[in-house]
Amino acid sequence: MNTQKKATFAAGCFWGVEASFLALLGVEDAVSGYSGGQFEHPTYEQVCEGDTGHAESVEITFNPEKISYETLVRKFFALHDPTQLNRQGPDVGEQYRSVIFYHSPEQKEIAEKIKKDLAQQYVPNTIATSIEPAKVFWKAEEYHQHYAEKHPGRVVCHI
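Residues numbered from 1 in each chain as written. Predicted model: local features only at pLDDT ≥ 70, side-chain atom pairs only at ≥ 80, totals over all residues. Heavy atoms only, no water.

Focus: the sheet that holds strand β2 (residues 27-35)
With respect to topology, 6 strands assemble into an open sheet ordered β7-β6-β1-β3-β2-β8, the strand pairing being mixed. In the strand order of this sheet, the two ends are held by β7 (130-133) and β8 (138-139), each with one partner. Pairing between β2 and strand β3 (residues 55-62): 8 bridges, direction antiparallel. Bridging across to β3, A30 finds its partner in I60. Its contacts with the sheet place helix α1 (residues 14-22) against β1 (5-11), β2 and β3, and it is angled at close to 165° to β2. Packing against the sheet, helix α3 (residues 69-79) makes contact with β1, β2, β3 and β6 (98-102), and its axis sits at approximately 10° to β1. (Pairing = 2+ DSSP bridges. Helix = DSSP H or I, 4+ residues; strand = E, 2+ residues; numbered from the N terminus. Contact = heavy atoms within 4.5 Å. Axes fitted to C-alpha atoms, helices over the stretch in contact; angles between N-to-C directions.)

In structure tokens form, the structure reads like this:
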């Protein structure tokens, strides 16, 4: 029986996001890519120009018998500053926005509840994270996959 589920998050630069999720027990894979935009088969260069509508995203394959979607959403919020609009730290632009791309009504409900529950923590700021239906996920170029693992010792955001 296939118990794998998908979760997709955008929280700034995808290298550190991917590495952080891969470290969790129950996460079977994490892939860096692009989601939320209008262009088909976008390249890193196109996304960096900031006019494709895509966000650097990570698509996670997880086993819900070992890790819950709620745990993944809470990890997502802990990884970055969700109050920053269209940026994370030095990375600025729509491609670095904070987004939860949900794959089911249940995921949407969980994401909305956690966002609401965490809102008080960030006052006087407001959580800028959007919660949107998952669109086509475009896998990033191979050199972006498992970047932190391929470049040990290099400082990667979110780790």
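There's plenty left to go through after this.
Thoughts on the pattern of salt bridges
Here the structure, examined in full by the defined rule, presents 3 salt bridges. One salt bridge in this structure joins D117 and K113, with 2.7 Å as the shortest N-O distance. Pair noted here: D117 and K113 are both in helix α4 (residues 105-118), with a separation of 4 residues, about one helical turn. (Salt bridge = Lys/Arg side-chain N within 4 Å of Asp/Glu carboxyl O.)

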